[in-house]
Amino acid sequence: MKICVTSIGNNLEAQVDQRFGRCLFFIIVDSETMQFKAIQNMAANNRGGAGVSSAQLILDEGVEVLITGNVGPNALGALQNSNIKIVTGASGNVKEAVERYLSGKGW
Amino acid sequence: MVISVASGKGGTGKTLVSVSLALSIEDEHVLLLDCDVEEPNTHIFIKAGFDLLKTVNVPVPRVNEALCVHCKKCAEFCKYKAILASKTTVTIFPDLCHGCGGCAIVCPVHAIDEEMHRIGRLMHGSTANIEVIYGELEISKPLAVPIIREVKRQISNDSLVIVDSPPGTSCPVIEAVKGSDFCVLVTEPTPFGFHDLTMMVEVLTQINIPFGVVINRADLGDERVWDFCKSKNIPILLTVPYERRIAVSYSKGVPMVVDMPEWKEKFKDLYKEIKRLLNK
């Protein structure tokens, strides 16, 4: 399963970024192998449209679960019609966030 | 002739100057345009009844799902991220759309047409010799420029036009001052007033609009505004003191030239000086 965690750094030890649209990195983790790739969010400093841009990115990446702090109104509107499961209120580092989600605990 | 009034910094007295100038020119018809469409206030000072002149709409794309082949070309084209395309759906975000129409052009199967989306309105009112038109952006709508453009479309050649610009130095300000014969820069001798004045001077120099400065609250702050104007040969057209009485009348919606009619002469002189600088 492809899980995307928004993060302030480019690795599994980095903290979860509380913002979705303007997060610094998207860490896309394969939950079976815990292999990951980090994508820098080029829209983080855009004047507008960051939420939609980030939604487009994770849609294109084929992400199935999004773990983040909070999702803004535009991004939420963009993701509502998709099949991506949105998990908000996450904290800790990326690895912990994925493990916590997989264990079914949530936040 | 079109005279715009701008400032960079907000709250320096653009509306004070626009309204006072309009009320002081008694022998000409004046068209006063309030382009500060995020918070227009000129109409508070000109005693007239105001009616709706027109609504302002921008075109936003509409996708015919039956024709869409989900190639994502529209979403890739849109620089404002107003379109999100997944493998199965296309979602439009009207508030992010600038109405350029590019998505409809790049769509290979002509699945996109446009519908009108209301973002604001123009209001209109007049006194014996002043006609006021102001734009008003709807709450939560982010696009000021199309409304400013529509306000300025009301300019007719036969009257003196005074354009009250929004604060700042970004797109809405450029749209407001664009095409004017002269720009009055209202500033105050504070660090922010001075800093933003230098930015506006840069803007106007680049778009080639002659300008002069009005220093409001002139006994505040320091000498930097004067030194700057002197070094750049920028004419100081008028100074207005930092006076409680001006603020009190303004807060009641009474323009200073109504409360203190002796100021009318000074604003008449300001107008004369602008005409002299332009050889008109």
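Residues numbered from 1 in each chain as written. Chains lettered and ligands numbered in written order. Predicted model: local features only at pLDDT ≥ 70, side-chain atom pairs only at ≥ 80, totals over all residues. Heavy atoms only, no water.

Caption draft 1: Region of the structure containing the nonpolar core. Counting 43 residues, the largest nonpolar core has Phe20, Ile58 and Leu66 of chain A together with Ile147 of chain B as its most contacted members. Counting only domains with at least three residues in this core, you end up with domain 1 (2-48 + 127-279) and domain 2 (59-118) of chain B. Not counting chain neighbours up to four residues away, the residues in contact with Ile147 of chain B comprise Val37, Val56, Ile119, Gly120, Arg121, Leu122, Gly135, Glu136 and Leu137 of chain B. (Core = buried A, V, L, I, M, F, W, Y, C linked by side-chain atoms within 4.5 Å. Buried < 20%, exposed > 50% of the residue type's maximum accessible area, 1.4 Å probe, protein only. Domains from an automatic or database assignment. Contact = heavy atoms within 4.5 Å.)

Caption draft 2: Quick look at the sheet that holds strand 4 (residues 65-67) of chain A. Residue and element names in this part refer to chain A. In space, the five strands of this open sheet follow the order 3-2-1-4-5, with mixed pairing throughout. With one partner strand each, in any of the chains shown, strand 3 (35-40) and strand 5 (85-87) form the two edges of the open sheet. The average angle at which neighbouring strand axes cross in this sheet is 20 degrees, direction not considered. Here strand 2 (residues 25-30) pairs with strand 3 via six bridges, running antiparallel. For Ile28, the partnering residue across the bridge sits in strand 3 and is Lys37. Seen against the sheet, helix 1 (residues 50-60) touches strand 1 (2-7), strand 2, strand 3 and strand 4 and runs at an angle of roughly 20 degrees to strand 2. Where helix 3 (residues 94-102) meets the sheet, its contacts fall on strand 1, strand 2, strand 4 and strand 5, and the angle it forms with strand 1 comes to roughly 135 degrees. (Pairing = 2+ DSSP bridges. Helix = DSSP H or I, 4+ residues; strand = E, 2+ residues; numbered from the N terminus. Axes fitted to C-alpha atoms, helices over the stretch in contact; angles between N-to-C directions.)

Caption draft 3: Inspection of the pattern of salt bridges at higher detail. Across all of its chains, the model carries 22 salt bridges over all chains by this definition. For Asp60 of chain A, the salt bridge is made with Lys72 of chain B, and the minimal N-O distance between the two is 2.6 Å. Placement of Asp60 of chain A in helix 1 and of Lys72 of chain B in the loop between strand 3 (51-63) and helix 3 (73-77) is noted, with the two residues assigned to different chains. For Arg149 of chain B, the salt bridge is made with Glu175 of chain B, and the minimal N-O distance between the two is 3.7 Å. (Salt bridge = Lys/Arg side-chain N within 4 Å of Asp/Glu carboxyl O.)

Caption draft 4: Quick look at the interface of chain B and chain A. Contact with chain B, which involves eleven residues of that partner, is made by eleven residues of chain A. Buried area between chain B and chain A, both sides added, is near 950 Å², and the carbon and sulfur share of it is 61%. Among the residues of chain B in contact with chain A, Lys81, Leu84 and Phe93 of chain B are the three that bury the most area, contributing 49% of the side total. Counting every contact that joins chain B to chain A gives one salt bridge. Where chain B packs against chain A, one counts two residue pairs in polar contact (both at pLDDT 80 or more). The greatest single-element share of the side of chain B that touches chain A, amounting to three residues, is contributed by strand 4 (residues 83-85) of chain B. Split by residue class, the side of chain B that touches chain A holds seven nonpolar, two polar and two charged. (Buried area = accessible area lost by both parts, 1.4 Å probe. Polar contact = N/O pair within 3.5 Å; in protein donor to acceptor, adjacent residues only side chain to side chain. Nonpolar A, V, L, I, M, F, W, Y, C, P; charged D, E, K, R; others polar.)

Caption draft 5: Looking closely at the domain arrangement of chain B. Residues and elements named next belong to chain B. The domain boundaries assigned to chain B delineate domain 1 (2-48 + 127-279) and domain 2 (59-118). Taking only C-alpha atoms, the centre of domain 1 and the centre of domain 2 are 39 Å apart. Counting residues at the interface gives five residues for domain 1 and five residues for domain 2. Regarding the contact of domain 1 and domain 2, the summed buried area is about 420 Å², with carbon and sulfur atoms giving 46% of it. The interface formed by domain 1 and domain 2 includes two salt bridges. As a salt-bridge pair, Lys141 and Asp95 come within 3.8 Å of each other at their nearest N and O atoms. Linking domain 1 with domain 2 are one residue pair in polar contact (both at pLDDT 80 or more), by the criterion used here.

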